[in-house]
Amino acid sequence: MDPDYSAQDVARCDICKTAIAQSYCDFCHVNLCKPCIGEHISDEYDTHKIVPILQRKSTLIYPKCETHQNKTCEYQCKDCNISICFDCLASKQHNKDHEFIKLEEVFNTKKTHIQRVTEELQKQFLPAYEDIASELEMQIASLDGEYKKLTTEISKQREEIHREVDNAINQMEKEIDEIKVKHRSILQKHLDEIKRLQSHMLQTLYALNEVEESNEVSATIKYTCKTEEFSKLPLKVNVSMPKFIPNQMKREEFCRIIGKLTPLSTTLEERVFTAKKPNTSVRELLDESKVINTIKTRHRYSRNVTCLNEEQIWTSAERNAYINCFDIQGVLQKTIQTKSGGFPWDIAVDTTGALLYCDGKTRTVYKVKNDQTEAIITLQEWKPINLCVTSFGDLLITMYSVDKTQTKVVRYSGSTVKQTIQFDKEGQPLYSGNGYIKYISENRNLDICVADHGAGAVVVVNQAGKLRFRYTGHPSPTKNKPFKPYGITTDSQGRILTADRNNRCIHILDTDGQFLRYIDNCDLINPNGMCVDSNDSLFVCEFDTDSVKKIRYSE
């Protein structure tokens, strides 16, 4: 039997096996329907105890006495730590000086102790173990991302070293070109000198030929032959070629230049259990909510709002491709345009302060940080509708199938799917289809709250995806239009706030889905997307205006 659904399970009669049991035999421990009670008590046993089924197991079952047959032990000897019957007390078989106590008292004391231990386990230790498990799951889920960062850093170092190597090689090549020019200049200078001497030698030979062929006695006698400069050959020019001598680098030296990885370090740290204390910071609901400020977004059909911090909010509108950042006085701080040019279906801010938005046109969730936009999740057969960031930094996305027949909630860690929530324990869909808007928020108790507009309900499941409750509105003579929730958010007290656009109000629920009150005195015009800041100030988009109202509803 599932303890979360025990109230829905029906006990059947143990005799006929079909009828619903209304009674219980606390002596024989069987379930009984009314017609079978008579058959049961007509058997050979003399003693039966028929009680309503809700009072079953109210009769104590005492142990049989080992000394006196057919007797039950209703006492315990504290000295011997054994169970004894009344006959044992009356007989001389047991020491009269021993101290006796009723087993019923021992039983009740033990039951009280068991209840206290059970409550301690359920309320203190089990949540602590769940937190530890969640922390480890988050660490495991983030491993791929963290190791990807590590390999990215090494790749950057590779690129840097390649860049430095290229620069060094380029510098060497430049030096080689300069040396080659100098080398060429030296050789060319000597070549020019040799050619000058060659030319002079040819002129001398020409003159000698003329004198040799001449018949003029006087000119021949007077000619002076100057060949001394040719008899000594020019000096030989030896210019040595530069050489490249590569450094012989050992692997260890090369790794030292690149850098090093620190080894994987594992330590075990003792955990100190601290019992969870109740939240003493209680914010009571105001009798009358107050509009603190109205921020004009300059765009009609205001659809989404999310808090960047206590001083700034992001807003977006239907039929508009711009996401605007305003301070709480309404001064425009920044504007971002969607990549596709379509309007964002929802917006959120992650734990690093980066802006996230859903784009139904491209079926993609984008992340904007430092004016850089990157796609972090792209779907194929599904379209993202709405999203929120959890307290652990995960991303919850409501999405519908392209044929608009199915809706589900998917939890992502980075771009990795960690959980899919779509059906209840009977295999029935938790959420309506038809592609309706489904704003989503995580409560402080880690419940996942979805405003299912198509179903006219707020659907709340626990962290494991098991249905906790559905809220379908609160009867009111003045709120007579169908309940169709749009925006949804949760505050520091675990309260759930959802926008009722048809009735122009906000419903406030407790963590178990019980209606607390309306916010219906702030002249809201078709409230849509909502968020709360760290001070539990509520920001509400008015779909048919260009306004976001800041409302104080608690103190």
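Keep in mind it's a predicted model, so treat the numbers as computed, not measured.

Draft legend 1. Inspection of the overall build of the protein chain at higher detail. On a plain count of helices and strands, the protein chain comes out with six helices and 30 strands. Rg of the C-alpha trace for the protein chain: 45 Å, well past the compact-globule value of 24 Å for 555 residues, more than 25% over. Buried positions account for 35% of the 555 residues belonging to the protein chain. Of the roughly 35600 Å² that the protein chain leaves accessible, carbon and sulfur atoms contribute 51%. Each charge class in the protein chain was averaged separately, 74 positive and 78 negative side chains, and the resulting centres sit 2 Å apart.

Draft legend 2. Representation of the packing of aromatic side chains within the structure. Applying the stated criterion across every chain, the model contains five aromatic pairs. Geometrically, the ring pair formed by Y471 and F483 is edge-to-face, given 5.5 Å between the ring centres and 80 degrees between the ring planes. Separated by 12 residues along the polypeptide, Y471 in strand 23 (residues 467–471) and F483 in the loop between strand 23 and strand 24 (485–490) bring together distant segments of the chain. In terms of burial, Y471 and F483 fall into one category: buried. Above the ring of W382, the side-chain terminus of K408 is found at 4.1 Å from the ring centroid. Over the ring of F543 we find R501, and its NZ or CZ is 4.3 Å from the ring centre.

Draft legend 3. How the structure looks around the sheet that holds strand 3 (residues 50–52). One open sheet holds the three strands; their spatial order is 2-1-3, and the pairing between them is antiparallel. Both edges of this open sheet fall to strand 2 (30–32) and strand 3, since each of them pairs with a single strand only. Sheet twist, expressed as the average angle between the axes of neighbouring strands with direction ignored, equals 35 degrees. By the bridge criterion, three bridges tie strand 1 (residues 23–25) to strand 2 in an arrangement that is antiparallel. Along strand 2, the bridge assignment pairs S23 with L32. Relative to strand 2, helix 1 (residues 34–41) is tilted by about 130 degrees, and along the sheet it contacts strand 1, strand 2 and strand 3.

Draft legend 4. Highlighting the pattern of salt bridges. The final tally for this structure, using the stated rule, is 18 salt bridges. R163 serves as the salt-bridge partner of E160, at 2.5 Å between the closest nitrogen and oxygen. With E160 and R163 both in helix 3 (residues 103–213) and three residues apart, the pair spans about one turn of that helix. On the basis of relative accessibility, which here comes to 32%, the residue E160 falls in the partly exposed class.

Draft legend 5. Spotlight on the environment of L524. Along the chain, L524 turns up in the loop between strand 27 (515–519) and strand 28 (527–532). Taking relative accessible area as the criterion, L524 reaches 5% and is therefore assigned buried. The spacing of L524 and R504 is 20 residues in sequence and 5.6 Å in space, taken between C-alpha atoms. Here L524 is in contact with R504, C505, I506, I519, V540, E542, K549 and I551, once residues within four sequence places are set aside.

Draft legend 6. Structural view of the pairing of strand 23. Pairing analysis gives four bridges linking strand 22 (residues 457–461) to strand 23, with the strands arranged antiparallel. What sits directly across from V461, in strand 23, is L467. Hairpin connection of strand 22 to strand 23: five residues between the antiparallel strands, including G465 at a positive phi of 90 degrees.

Draft legend 7. Structural context of the sheet that holds strand 23. Strands sit in the order 20-21-22-23 across an open sheet of four strands; the sheet is antiparallel. A single partner strand is all that each edge strand has here, and the edge strands are strand 20 (438–442) and strand 23. Neighbour to neighbour, the strand axes of the sheet diverge by 15 degrees on average, direction disregarded.

Draft legend 8. Quick peek at unusual backbone geometry. A positive phi is found at N370, a non-glycine position, where the angle reads about 55 degrees. Relative to the assigned elements, N370 resides in the loop between strand 14 (364–369) and strand 15 (372–378). With a phi angle near 50 degrees, N526 is a residue other than glycine that sits in the positive phi range. Structurally, N526 is set in the loop between strand 27 and strand 28.

Draft legend 9. Here's a closer look at the confidence of the model for the protein chain. Averaged over every residue, the pLDDT of the protein chain is 87; residues scoring 70 or more account for 94%. Counting interchain partners and residues more than four positions distant, the pLDDT-below-50 stretch residues 1–8 has nine contacts.

Draft legend 10. Local environment of the nonpolar core. Grouped together as the largest cluster of nonpolar side chains are 16 residues, with contacts concentrated most on V365, I377, L387, L395, I397, M399 and Y412. When residues no more than four places from it in sequence are discounted, the contact partners of I377 are R363, T364, V365, L395, I397, Y412, G414 and S415. By size, the runner-up hydrophobic cluster in this structure holds 15 residues, among which are A499, C522, V540 and I551.

Cut-offs applied
- Residues numbered from 1 in each chain as written.
- Predicted model: local features only at pLDDT ≥ 70, side-chain atom pairs only at ≥ 80, totals over all residues.
- Heavy atoms only, no water.
- Helix = DSSP H or I, 4+ residues; strand = E, 2+ residues; numbered from the N terminus.
- Rg over C-alpha atoms; globule rule 2.2 N^0.38 Å.
- Buried < 20%, exposed > 50% of the residue type's maximum accessible area, 1.4 Å probe, protein only.
- Areas by Shrake-Rupley, 256 points an atom, 1.4 Å probe, with all protein chains shown as cover.
- Lys, Arg positive; Asp, Glu negative; His and termini not counted.
- Charge placed at Lys NZ, Arg CZ, Asp CG, Glu CD.
- Phe/Tyr/Trp six-rings, centres within 6.5 Å; stacked < 30°, edge-to-face > 60°.
- Lys NZ or Arg CZ within 6 Å of the ring centre and 35° of its normal.
- Pairing = 2+ DSSP bridges.
- Axes fitted to C-alpha atoms, helices over the stretch in contact; angles between N-to-C directions.
- Contact = heavy atoms within 4.5 Å.
- Salt bridge = Lys/Arg side-chain N within 4 Å of Asp/Glu carboxyl O.
- pLDDT = per-residue confidence, 0-100.
- Core = buried A, V, L, I, M, F, W, Y, C linked by side-chain atoms within 4.5 Å.

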